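Chain by chain, the residues run as shown.
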Amino acid sequence: MNDLETREDIELLVNKFYHKIQTDNKIGLFFNDIAKVDWNKHLPKMYDFWESILFGQMTYKGNPMRMHFPVNEIKAIEKEHFEHWIKLWTETVEENFSGKNADLAIYKANNIASLMAYKMEMARRL
């Protein structure tokens, strides 16, 4: 298996991951029913996000945290939801890639999920 090396690799990973998300019984509802994600707009943003995170390209512009707060107000995004997100992300990475950048994608996603879970919990306490 090859490592994550190109934008095309990121697009493949993100597409496969979000395909799982869209049909997932545990967290799909956050994307499909609550946020009502427009996948044609969301996926290119995620390509840019992961290209910035993994390759240092400054293609992503935005605040990934900001979009989650309104969803969290409608239905709490709990630690268990982020853990499931990580499970799906890790599976998708490991099914398609192997190497330093693949490991980095899993590591970074874990850090992002931990931070987001903490911030969502703090927001619910306010």
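Residues numbered from 1 in each chain as written. Predicted model: local features only at pLDDT ≥ 70, side-chain atom pairs only at ≥ 80, totals over all residues. Heavy atoms only, no water.

### Topic: the packing of helix H1 (residues 7-22) against helix H5 (residues 79-96)
At step 1: The interhelical angle for the contact between H1 and H5, taken along N-to-C directions, is 140°, at an axis separation of 10 Å. As far as their axial angle goes, H5 and H1 are oblique. Pair H1 / H5 crosses with right-handed handedness. On H5, the residues that touch Leu13, Lys16, Phe17, Lys20 and Ile21 of H1 are Trp85, Leu88, Trp89, Glu91, Thr92, Val93, Glu95 and Asn96.
At step 2: Within the contact of H1 with H5, the residues separate by chemical class into seven nonpolar, two polar and four charged. (Axes fitted to C-alpha atoms, helices over the stretch in contact; angles between N-to-C directions. Helix = DSSP H or I, 4+ residues; strand = E, 2+ residues; numbered from the N terminus. Parallel < 35°, antiparallel > 145°, perpendicular 65-115°, else oblique. Left-handed = near helix turned anticlockwise from the far one by under 90°. Contact = heavy atoms within 4.5 Å. Nonpolar A, V, L, I, M, F, W, Y, C, P; charged D, E, K, R; others polar.)

### Concerning the UniProt feature "binding site: heme" (unreviewed entry) in the protein
At step 1: As annotated by UniProt and renumbered to match this structure, "binding site: heme" (unreviewed entry) occupies His68.
At step 2: Turning to its location among the elements, His68 is positioned in helix H4 (residues 68-74).
At step 3: Judged by its relative accessible area of 26%, His68 is partly exposed.
At step 4: Excluding anything up to four places from it in sequence, His68 contacts Ile77, Met116 and Met120. (UniProt positions renumbered as here; feature names shortened; annotations may be inferred. Buried < 20%, exposed > 50% of the residue type's maximum accessible area, 1.4 Å probe, protein only.)

### Observations concerning the side chain of Asp9
At step 1: Within the fold, Asp9 resides in helix H1.
At step 2: Buried within the structure, Asp9 lacks any salt-bridge partner; Arg7 is the closest side chain of opposite charge, at an N-O distance of 11 Å.
At step 3: Separated by 2.7 Å, the side chain of Asp9 and the backbone nitrogen of Glu5 make a polar contact. (Lys, Arg positive; Asp, Glu negative; His and termini not counted. Salt bridge = Lys/Arg side-chain N within 4 Å of Asp/Glu carboxyl O. Polar contact = N/O pair within 3.5 Å; in protein donor to acceptor, adjacent residues only side chain to side chain.)

### Considering the side chain of His81
At step 1: Its location among the elements puts His81 in helix H5.
At step 2: Residue His81 is classed as buried on the basis of its relative accessible area, which comes to 9%.
At step 3: A polar atom in the side chain of His81 sits 2.9 Å from the backbone nitrogen of Glu78.
At step 4: The contact partners of His81, leaving out residues within four places of it in the chain, are Lys26, Ile27, Phe30 and Ala76.

### A closer look at the confidence of the model for the protein
At step 1: This prediction gives the protein a mean pLDDT of 94; 100% of its residues lie at or above 70.
At step 2: H4 is the least confidently modelled element of the protein, averaging 90 in pLDDT, while H1 averages 98, the highest of any element. (pLDDT = per-residue confidence, 0-100.)

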